[in-house]
Amino acid sequence: MLLPRPVHLTRDGTEPFTLTAATVIAAPPELARVEGWLRGVLFPVTGLPLPPGEARPGAIEFTLAAGLGHEAYRLTVRPGGVRIEAGDAAGAFYGAQTLRQLLPPAAFRSGAVGERDWLVAPVIVEDRPRFRWRGCLIDVARHFLPKPDLLRYIDLLAAHKLNVLHLHLTDDQGWRFEVKGYPKLTEVGAWRRESPLGSRRHGLFDGRPHGGFYTQDDLREIVSYAADRFVTVVPEIELPGHSQAAIAAYPELGNLGDPLEVATQWGVSPNVLNVEDATLAFYRDVLDQVMEIFPGEYVCVGGDECPKTQWRESPSAQRRIRELGLRDEDELQSWFVRQFSDHLTARGRRLLGWDEIIEGGLPPGATVASWRGTYGAVVAARAGHDVITCPFTELYLDFRQSDRPDEPVPIGSVISLRDVHSFEPVPPELTEAEAVRVLGAQANLWTEHIDSPRALDYMAFPRLSAFAEVVWSPAGGDFDDFRARLRHHEPRLAALGVEYRKETGPEPWQTRPDVKGWPRERAETEAEVAAWTRGIRRDLSGERHP
Ligand code: ACM
């Protein structure tokens, strides 16, 4: 019944534990946050106060156990009480999440729906994650996700024992992060005139402005809310590509100097940052504010899909290349990214970038998110870099879920629930020693065609539930076993109000007959990955630069 599947689950007798008005929660001060969270979710639905108390028969007792590692826990439910032993606070939290799953699905509601007994089946669960990076990217740039919905997603990630929220804050079509001293980033950059209606290939537009942004205090609140649920928010500020919204706000950041508007088209914009000192200073300033708000180790600076056309034609970019003795524009991009890597590293942080940052040389200590297949992860891991895998053929949850014609705005190749569940985060090319560089994996929710929280629910679930097993559970999970447990998990999602995709397909109101997508075949996306892989190989062999 548990999801993600734990390492060990043993049924221990038949008599359940019952939560009553006399039940107390006993916890050491280090676990106050976890204890508070559990009380906070259970009190509104059960009406039971679950006050702090001494460890005694009938209590829910949290303890720290030195023998258990980071994020690990052992949960014992007996008729006489519940005991959660944990390696650390994160482990205690995951034990508490498991306890919630052992209660009826109504425990996932926000309020009581009548009197009932709160029984917990007697079990012993021993559990720990397979990977330490259990990530989900939410693209709040293409479509803004209002703060309450983002907080709801943090709860959903935590309920699945996921622990990284990669927040894609800036792109060509929108800048969502308030930056002091640069008000136009949000006055101008946080909204666009209109959006494409479906795939850009159809040339249709909705004629409706779209926008929104988070203030710095909104983001502090989001970070703090996430931290209470052991989720680290990894902010992403895209550079030097995917920056048209910033250039629209401050044309001096671009190569043309002409006014541009925030992009109203999907895809890869040719309008990229220039490589002037003032632009470096601008973005260092932005990153300083990012670091002030996001305390986590990682800051993502994108680095993907940066067309070099404008740099080829720009006298100042060409001068930079000559002055620095660089070989070409790829090395210029590498140099540019390196400036920010140095800036972050000097402040105790680490740079995360998409696998294009391999081209022209990786900055020291950079972590690579391998999205164009997993070859980028192989190369970077072998070079001694940490990596996460998020190949677009398997973990891009904006891709269609089936080949039914009524999937809403169907794009990409089919990524079924089974496809996600069978994904293996460690590329088979890596040796065991190299594989330690794989921190984990990430499911990416790009939102060009996900224009509301309801649409996000449909695309995310239950595939994100399957993904949770990929990164948390021991390798080699069985899909039919997952599917059987999913039948118990769906009522939890329903109680939380998640509008997940049912196995039978979309409900009529989840379809979008008004908007055309651009479905592709698996063979096409696989051919694309193969071409990219050849490209990475060629770049690394230096063949492109005879
Ligand atoms: C990406 O999908 N361009 C990272």
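Residues numbered from 1 in each chain as written. Predicted model: local features only at pLDDT ≥ 70, side-chain atom pairs only at ≥ 80, totals over all residues. Heavy atoms only, no water.

- As annotated in an unreviewed UniProt entry, the chain carries the name beta-N-acetylhexosaminidase and is attributed to Nonomuraea montanisoli.
- Recorded in UniProt under Sequence similarities (unreviewed entry), the annotation for the chain is "Belongs to the glycosyl hydrolase 20 family."
- The annotation that UniProt attaches to the chain under Catalytic activity (unreviewed entry) is "Hydrolysis of terminal non-reducing N-acetyl-D-hexosamine residues in N-acetyl-beta-D-hexosaminides." (UniProt positions renumbered as here; feature names shortened; annotations may be inferred.)

### A look at the overall build of the chain
Inference 1: Looking only at helices and strands, one finds 18 helices and 22 strands in the chain.
Inference 2: For 546 residues, the compact-globule formula gives about 24 Å, and the C-alpha radius of gyration of the chain, at 24 Å, lands near that figure.
Inference 3: A total of 546 residues make up the chain; the buried ones form 60% of that total.
Inference 4: Taking contacts inside the chain between residues at least 6 apart in sequence as the whole, the part at least 24 apart equals 73%.
Inference 5: Accessible surface for the chain amounts to roughly 20900 Å². Of this, 52% is attributable to carbon and sulfur atoms.
Inference 6: If the 62 positive side-chain charges of the chain are averaged to one point and the 78 negative ones to another, these points end up 2 Å apart. (Helix = DSSP H or I, 4+ residues; strand = E, 2+ residues; numbered from the N terminus. Rg over C-alpha atoms; globule rule 2.2 N^0.38 Å. Buried < 20%, exposed > 50% of the residue type's maximum accessible area, 1.4 Å probe, protein only. Contact = heavy atoms within 4.5 Å. Areas by Shrake-Rupley, 256 points an atom, 1.4 Å probe, with all protein chains shown as cover. Lys, Arg positive; Asp, Glu negative; His and termini not counted. Charge placed at Lys NZ, Arg CZ, Asp CG, Glu CD.)

### Here's the deal with the packing of helix α3 (residues 147–159) against helix α5 (residues 216–227)
Inference 1: Direction vectors running N to C along α3 and α5 enclose 15°, while the axes themselves pass 10 Å from each other. Classified by the angle their axes make, α3 and α5 are roughly parallel. By crossing handedness, the relation of α3 to α5 is classed as right-handed. On α5, the residues touching Lys147, Leu150, Leu151, Ile154 and Asp155 of α3 are Asp218, Glu221, Ile222, Tyr225 and Ala226.
Inference 2: Each residue belonging to the contact of α3 with α5 can be placed in one class, and the counts come to six nonpolar, no polar and four charged. (Axes fitted to C-alpha atoms, helices over the stretch in contact; angles between N-to-C directions. Parallel < 35°, antiparallel > 145°, perpendicular 65-115°, else oblique. Left-handed = near helix turned anticlockwise from the far one by under 90°. Nonpolar A, V, L, I, M, F, W, Y, C, P; charged D, E, K, R; others polar.)

### Describing the packing of helix α1 (residues 32–46) against helix α2 (residues 89–102)
Inference 1: Contact pair α1 / α2: the axes reach a minimum separation of 9 Å and the direction vectors enclose 20°. By the angle between their directions, the pair α1 and α2 is classed as roughly parallel. The chirality of how α1 crosses α2 is right-handed. Across the interface between the two elements, Val34, Trp37, Leu38 and Val41 from α1 touch Ala89, Ala92, Phe93, Ala96, Gln97, Leu99 and Arg100 from α2.
Inference 2: Split by residue class, the contact of α1 with α2 holds nine nonpolar, one polar and one charged.

### Considering the pattern of salt bridges
Inference 1: If you walk through the whole model with that rule in mind, you get 48 salt bridges.
Inference 2: The shortest N-O distance in the salt bridge between Asp277 and Arg320 comes to 2.6 Å. Pair noted here: Asp277 is in helix α7 (residues 277–293) and Arg320 is in helix α9 (residues 315–324), with a separation of 43 residues, a long-range link.
Inference 3: Given a relative accessible area of 53%, Asp277 falls into the exposed group.
Inference 4: For Arg320, a relative accessible area of 14% gives the class buried.
Inference 5: The residue Glu524 makes a salt bridge to Arg520 at a minimum N-O spacing of 3.7 Å.
Inference 6: On the accessibility criterion, Glu524 (36% relative accessible area) is partly exposed.
Inference 7: Within this structure, Glu61, Arg74, Arg83, Glu85 and Glu126 form a network of salt bridges that share partners. (Salt bridge = Lys/Arg side-chain N within 4 Å of Asp/Glu carboxyl O.)

### Some thoughts on the pairing of strand β15 (residues 232–239)
Inference 1: Counting buried positions over the eight residues of β15 gives seven, a clear majority of the element.
Inference 2: Relative to β15, strand β10 (residues 164–168) runs parallel, the two being bridged by five bridges. From the neighbouring strand, His168 faces β15, where its bridge partner is Glu236.
Inference 3: Sheet topology places β15 next to strand β16 (residues 298–302); two bridges connect them, and they run parallel. In the sheet register, Glu236 faces β16, and the bridge partner there is Cys300. (Pairing = 2+ DSSP bridges.)

### Looking at the packing of aromatic side chains
Inference 1: Taken as a whole, this structure holds 25 aromatic pairs when the rule is applied.
Inference 2: Seen from their ring centres, Tyr182 and Phe282 are 4.0 Å apart, and the 35° between their planes marks the pair as tilted. Placement of the pair is Tyr182 in the loop between β12 (174–175) and α4 (184–187) and Phe282 in helix α7, with a sequence separation of 100 residues. Pair check on accessibility: Tyr182 and Phe282 agree, each one buried.
Inference 3: Feature note: the residues Trp175, Tyr182, Tyr250, Phe282, Tyr283, Trp311, Phe336 and Phe340 constitute an aromatic cluster, connected by ring pairs.
Inference 4: Here the basic side chain of Arg201 rests over the ring of Trp518, its NZ or CZ set 3.4 Å away from the ring centre.
Inference 5: A cation over a ring is seen here: Arg229 above Tyr225, with NZ or CZ 3.6 Å from the ring centre. (Phe/Tyr/Trp six-rings, centres within 6.5 Å; stacked < 30°, edge-to-face > 60°. Lys NZ or Arg CZ within 6 Å of the ring centre and 35° of its normal.)

### Quick look at the UniProt feature "domain: Beta-hexosaminidase bacterial type N-terminal" (unreviewed entry) in the chain
Inference 1: Taken from the UniProt record, the annotation "domain: Beta-hexosaminidase bacterial type N-terminal" (unreviewed entry) applies to residues 2–107.
Inference 2: Taken end to end, residues 2–107 is 27% helix and 25% strand, and its first and last C-alpha atoms sit 14 Å apart.

### Description of the sheet that holds strand β17 (residues 350–354)
Inference 1: Taken in spatial order, the eight strands line up as β9-β10-β15-β16-β17-β18-β19-β21 and close into a barrel, and their pairing is parallel. Neighbour-to-neighbour, the strand axes of this sheet turn through a mean angle of 25°, independent of strand direction.
Inference 2: Contacting β9 (133–139) and β10, α3 runs over the sheet at an angle of about 150° to β10.

### A look at the side chain of Lys308
Inference 1: With respect to the helices and strands, the residue Lys308 is situated in the loop between β16 and α8 (309–313).
Inference 2: Here Lys308 falls in the buried class, since its relative accessible area comes to 11%.
Inference 3: Here the side chain of Lys308 touches Gln333 through a polar contact of 3.3 Å, side chain to side chain.
Inference 4: If sequence neighbours within four positions are ignored, Lys308 has contacts with Glu329, Asp330 and Gln333. (Polar contact = N/O pair within 3.5 Å; in protein donor to acceptor, adjacent residues only side chain to side chain.)

### Some details on the side chain of Arg5
Inference 1: Tracing the backbone through its elements, the reader meets Arg5 in the segment before β1 (8–11).
Inference 2: Although Arg5 lies buried, it forms no salt bridge, and the closest oppositely charged side chain, Glu469, sits 4.3 Å away as judged by the N-O distance.
Inference 3: Not counting residues within four places of it along the chain, the set of residues in contact with Arg5 comprises Glu469, Trp472, Ser473, Pro474, Ala475, Gly476, Gly477, Asp481 and Arg485.

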